Amino acid sequence: MTDLFDFQAHANRFAVMGNPVEHSQSPRIHRLFARQFGIDMEYRRIQVDTGGFAQAVSHFAARGGAGLNITVPFKVEAWQLCRRPGNRLSARARHAQAVNTLRFDRKRALFGDNTDGIGMIRDLENNLGWGIAGRRVLVLGAGGAVRGVAGALLERRPDSLTIANRTAPKAQALAGRLSADGFGGNGIGVAGCGYQQLERTAFDLIINGTSASLGGGLPEMDAGCIGTHSVVYDMMYAGSPTVFMRWACANGAGQASDGLGMLVEQAAASFHLWHDRRPDTAPVISALRATLST
Ligand code: ATR
């Protein structure tokens, strides 16, 4: 564990914990939000060793920490911590089985939330103007990133949600759990499959939630799933269009976006949980985009 617990006296202490964490944009985003309201706060990156997460959280709380963002690979551990007696979870974190935001309440009790889903929904609907209700939605991947957003997508009442994954049983298990949680009600078709079993008809909204692009790869799906009316979203972000966005556009997709807006929107929802204020996200997205593109 790093020695980043060495804080100056400060009333409003926040941090992001993960491993690796050195490239996290969260400190910058939260400082830009805080400036909008004249809030004086401290926000740091804390790199935590595998096996040291629970201890790092209690250490941070003991030093007067007010809230934490949790990133890879600790979101599931954070969820497990919040399931312990005395701690609490939001409904969306319970459904996602992962926590990306912790708030320390009285007597250092933890409240765990997951703002990834609402962050993506706000980016899709408010920033990009892409509707979800009544649409045929395809999500690629069935790992932690997809678990974090699937419930929020279903709450927007798409016509159907298809989850496709390289390892098909993982997609089927996730679809089954979402249905069992009551998300598949009201006539929404929820299904899980492998890429080879995907219907070759164009989906309205296609979301890449795999980590394939980290290695410059693509999920092995058929381009028949893309039509000119399809809009394509990559949960990853980069300075230039991601490999998935480029592939989708080359195969006829109408529009494509990366996930930079989701990053800022999930941070805004965390900020609201901690400070009870809703920051203006547009200037922060523009500021980050400007740096990324240089
Ligand atoms: P995360 O928290 O980022 O979702 P994860 O839980 O390890 O990370 O999940 C990674 C996801 O990306 C999985 O859906 C994985 O597919 P498998 O379940 O079959 O492993 C998917 N993925 C990773 N590399 C991939 C690749 N090269 N092609 C297709 N899918 C890939």
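Just so we're clear, the structure is a prediction, and the values are computed from it rather than from any experiment. (Residues numbered from 1 in each chain as written. Predicted model: local features only at pLDDT ≥ 70, side-chain atom pairs only at ≥ 80, totals over all residues. Heavy atoms only, no water.)

J.: Whenever I open this one, the packing of helix α1 (residues 26-37) against helix α10 (residues 282-292) confuses me. Can you help?
T.: When two helices pack together, you describe them by how their axes are tilted relative to each other and by the distance separating the axes. Relative orientation of the contacting elements α1 and α10 amounts to 140 degrees, with a least axis distance of 10 Å. Compared by their axis directions, α1 and α10 come out oblique. As for how α1 packs across α10, the hand of that crossing is right-handed. Together, R28, I29, L32, F33 and Q36 of α1 and P283, V284, A287, L288 and T291 of α10 make up the contact between the two elements. By residue class, the composition of the contact of α1 with α10 is 7 nonpolar, 2 polar and 1 charged. (Axes fitted to C-alpha atoms, helices over the stretch in contact; angles between N-to-C directions. Helix = DSSP H or I, 4+ residues; strand = E, 2+ residues; numbered from the N terminus. Parallel < 35°, antiparallel > 145°, perpendicular 65-115°, else oblique. Left-handed = near helix turned anticlockwise from the far one by under 90°. Contact = heavy atoms within 4.5 Å. Nonpolar A, V, L, I, M, F, W, Y, C, P; charged D, E, K, R; others polar.)

J.: Is there a simple way to think about the sheet that holds strand β3 (residues 65-70) in this case?
T.: Pairing between the strands of a sheet is mediated by backbone hydrogen bonds and can be parallel or antiparallel. With mixed pairing, the 6 strands of this open sheet are ordered in space as β2-β1-β3-β5-β6-β4. If you trace the sheet from one side to the other, it starts and ends with β2 (42-47) and β4 (88-89), each paired once. When strand β1 (residues 13-18) meets β3, the two strands line up parallel, connected through 5 bridges. Note that in β3 the partner of F14 across the bridge is G67. Packed onto the sheet, helix α3 (residues 75-82) meets β3, β4, β5 (101-104) and β6 (110-113) and runs at close to 135 degrees relative to β6. Running over the sheet, helix α9 (residues 260-275) touches β1, β2, β3, β5 and β6 and is turned about 10 degrees from β5. (Pairing = 2+ DSSP bridges.)

J.: I tried to follow the packing of α1 against α9 on my own but got confused; where do I start?
T.: Relative orientation of the contacting elements α1 and α9 amounts to 55 degrees, with a least axis distance of 10 Å. Here α1 lies oblique to α9, going by the angle between them. As α1 packs across α9, the resulting crossing turns out to be right-handed. Of α9, the residues touching α1 (which contributes I29, H30, F33, A34 and F37) are L263, V264, A267, A268, S270, F271 and W274. A per-class count over the contact of α1 with α9 returns 10 nonpolar, 2 polar and no charged.

J.: It is not clear to me how the pairing of strand β7 (residues 136-140) should be interpreted in this structure. Could you clarify?
T.: For a regular strand, side chains alternate in direction, first toward one face of the sheet and then toward the other. Taking burial as the measure, the 5 residues of β7 include 4 buried ones, the bulk of the element. Of the pairings in the sheet, the one linking β7 to strand β8 (residues 160-164) comprises 5 bridges and is parallel in character. Residue L140 lies in a different strand from β8, and its bridge partner there is A164. Relative to strand β10 (residues 205-208), β7 is paired through 4 bridges, and the arrangement is parallel. From the neighbouring strand, V137 faces β10, where its bridge partner is L205. (Buried < 20%, exposed > 50% of the residue type's maximum accessible area, 1.4 Å probe, protein only.)

J.: Where do I start with the sheet that holds β10 in this structure?
T.: Taken together, 6 strands build an open sheet; the order of strands is β9-β8-β7-β10-β11-β12 and the sheet is parallel. Lying at the two open borders of the sheet, with one neighbouring strand each, are β9 (189-193) and β12 (255-257). When the angles between neighbouring strand axes are averaged without regard to direction, this sheet yields 15 degrees. With 3 bridges connecting them, strand β11 (residues 231-234) and β12 associate as parallel partners. By the bridge assignment, V231 is partnered in β12 with Q255. Packed onto the sheet, helix α7 (residues 168-180) meets β8 and β9 and runs at close to 160 degrees relative to β9.

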